[in-house]
Amino acid sequence: MSSQNEKKKMNKAVKAIIIIISVILGLALAAGATALIMYNVGKNSLKNTPPEDVVITTPDDLEDVVIEQDGATVYYNGEKYEFNENAVPILLLGADKYSFEDNEGIGYNGQADAVYLAVLNTETKAVSVLAISRDSMVDVNKYSHQGGYLGTEKMQLCLAYAYGDGKEKSCENVAVSVSRLLYNVPISSYMAIDFEAIPVLNDAVGGVTVPEYTDDGMTPTGGTVTLNGQQAMRYLRWRWMPELTSNNARIERQKSYISAFAKIAVQKTKENISFPLTLYNSVQDYMVTNISASQITYLAANYLSGVENMKLYSIPGTIEKVDGYAQFTPDSTVLYETILELFYTKK
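Residues numbered from 1 in each chain as written. Predicted model: local features only at pLDDT ≥ 70, side-chain atom pairs only at ≥ 80, totals over all residues. Heavy atoms only, no water.

### A word on helix α2 (residues 168-181)
Quick note on the threshold: Only DSSP runs of H or I reaching four residues or more are called helices, and only runs of E reaching two or more are called strands; each is numbered from the N terminus. How far a helix is expected to stretch is found by multiplying one less than its residue total by 1.5 Å. Exposure is judged per residue with a 1.4 Å probe applied to protein chains only, and the accessible area is read against the type maximum: over 50% gives exposed, under 20% gives buried, and values in between give partly exposed.
With 14 residues, α2 should reach 20 Å at 1.5 Å per residue; the first-to-last C-alpha distance of 20 Å fits that figure. Within the sequence span of α2, burial applies to S170, C171, N173, V174, A175, S177, V178, S179 and L181. Immediately downstream of α2, the backbone of Y183 shows phi near 60 degrees, a positive value.

### As for the side chain of R239
Selection rule: Here the positive residues are Lys and Arg and the negative ones are Asp and Glu; neither His nor the chain ends is included. We define a salt bridge as a side-chain nitrogen of Lys or Arg found within 4 Å of a carboxyl oxygen belonging to Asp or Glu. Any two residues having at least one pair of non-hydrogen atoms within 4.5 Å are treated as being in contact.
Looking at the secondary structure, you find R239 in the loop between α4 (230-237) and α5 (246-271). Despite its burial, R239 pairs with no opposite charge, the nearest such side chain being D135 at 4.1 Å. The residues contacting R239, other than those within four sequence positions of it, are R134, D135, S246, N247, R250 and R253.

### Here's the deal with the packing of α4 against α5
Selection rule: Fitted lines through C-alpha atoms serve as axes, helices being fitted only where they are in contact, and the angles separating the N-to-C directions of these axes extend from 0 to 180 degrees. Orientation categories follow fixed angle ranges, with anything under 35 degrees roughly parallel, anything over 145 roughly antiparallel, 65 to 115 roughly perpendicular, and all other angles oblique. Nonpolar residues are Ala, Val, Leu, Ile, Met, Phe, Trp, Tyr, Cys and Pro. Charged residues are Asp, Glu, Lys and Arg, and all others, Gly as well, are polar.
Running from N to C, α4 and α5 cross one another at 135 degrees; their axes reach a closest spacing of 8 Å. Viewed along their axes, α4 and α5 adopt a mutual orientation that is oblique. Here A232, R234, Y235, L236 and R237 of α4 lie close against α5, whose contacting residues are R250, R253, Q254 and Y257. The residue inventory of the contact of α4 with α5, partitioned by class, reads four nonpolar, one polar and four charged.

### Let's talk about the sheet that holds strand β9 (residues 189-193)
Here is the rule: Paired strands, as defined in this entry, are two strands with at least two bridges between them according to DSSP.
Across the sheet, which stays open at both edges, the six strands sit in the order β12-β9-β4-β5-β6-β13 with mixed pairing between neighbours. Each edge of the open sheet carries a strand with a single partner, namely β12 (287-289) and β13 (311-314). Neighbour to neighbour, the strand axes of the sheet diverge by 20 degrees on average, direction disregarded. As defined by bridge partners, strand β4 (residues 87-95) adjoins strand β5 (residues 112-121) across nine bridges and the pair is classed as antiparallel. Paired with V88 across the two strands is L120, which belongs to β5. Seen against the sheet, α2 touches β4, β5, β6 (127-132), β9 and β12 and runs at an angle of roughly 125 degrees to β4.

### Quick notes on the environment of S170
Note the threshold: In the analysis that follows, any N or O atom pair within 3.5 Å is treated as a polar contact, provided that within protein one partner can donate a hydrogen and the other can accept it, and provided that, for residues neighboring in sequence, both atoms belong to side chains.
On the secondary structure map, S170 appears in helix α2. Residues S170 and A192 lie 22 residues apart in sequence; the distance between their C-alpha atoms is 9.7 Å. Ignoring any residue separated from it by four or fewer positions in sequence, one finds S170 in contact with A160, Y161, G164 and D165. A distance of 2.7 Å separates the side chain of S170 from the backbone oxygen of Y161, its partner in a polar contact.

### Digging into helix α3 (residues 197-204)
Every buried residue belonging to α3 is among A197, I198, P199, L201 and N202, and all of these are buried. Looking at the buried positions of α3, the neighbouring elements they touch are β9, β10 (208-213), β11 (220-227), α4, α5 and α6 (275-282). Following α3 by one or two positions, G206 has its phi on the positive side, about 85 degrees.

### Let's talk about the pairing of strand β2 (residues 73-76)
In terms of strand pairing, strand β1 (residues 65-68) meets β2 through four bridges, oriented antiparallel. In the strand pairing of β2, V66 is matched with Y75. Hairpin connection between β1 and β2: a loop of four residues separates the two successive antiparallel strands, and Q69 in this loop has a positive phi of roughly 50 degrees. In the sheet, β2 pairs with strand β3 (residues 79-83) via four bridges, with the strands oriented antiparallel. Paired with T73 across the strands is E82, a residue of β3.

### Here's the deal with the sheet that holds β2
Strand-to-strand pairing in sheets goes through backbone hydrogen bonds, with the strands running parallel or antiparallel. With respect to topology, four strands assemble into an open sheet ordered β1-β2-β3-β16, the strand pairing being antiparallel. Taken across any chain shown, the strands that pair with only one partner, and hence form the sheet edges, are β1 and β16 (344-346). Averaged over all neighbouring strand pairs, the angle between strand axes comes to 25 degrees, with direction disregarded.

Worth remembering: the numbers are spatial, not functional.
See the structure below:
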């Protein structure tokens, strides 16, 4: 009798173990399936197909430029270029706000203090980042305090952010103006962070070592400094307002920071593939974006080498002071040739 009881107990124990193993395997398969679904959803959603009503244009002052099929084909300097749908732009903004919850009303909802365009090539996995001056003069959609459309007005690009809700609509309005500045290249994805996100991101990678600058932020000293917390915010935000070219100097500091931050983040991602998702989650309270977790999963799995070897661009131009404010006009030839390099394929 006792042997039968022991057999029954053993059978129950075996069944319990089988159930536990089955549950664990089931969870593992479910997690794997979820990750695969997120990966594929992210991959399929990253495509840059111009809408039918979009015509990619060329600078008025450039000669020997011929466009066909609404800008899908371009002939420039004797070369043929085709628009590359694999070149996916993501607008990256640093909003001049301490919190996205602060809504001061349309026209007063902060500015886009830092404007960058990341371009991801889904075929080659290359990553390029274009720095765009906040002072660039461009047509901006204006809205009344009640949200009524008032038309466009040429003003600093940074002000496009003010004519929105301080969140998604502000980002969308900046995307429209950046697209105009880039001769109507379509931009649909965006990510904006506020001031509070900077220390969080900086400290999440353990601090960032960058070139040291003089106290006015204008000139490199030749040394380096490792930034922690609020130091990173000051390094990225500060500019010497009396100097007309202070924003250009700030862009150079920001580019150095982006490059250094990316290298650390890549290394941490190599050690733990979920690190980008951890970063994404850590700044959700300080971020506005239409980029999904599934897209982040796909990007983390596919663009490590691209981020590690990313190319940074900035466009030269002229600056003048008008009514006390800096107005930046990019060099149209350099800007257009950069667009051809980033968004077209030479045939």
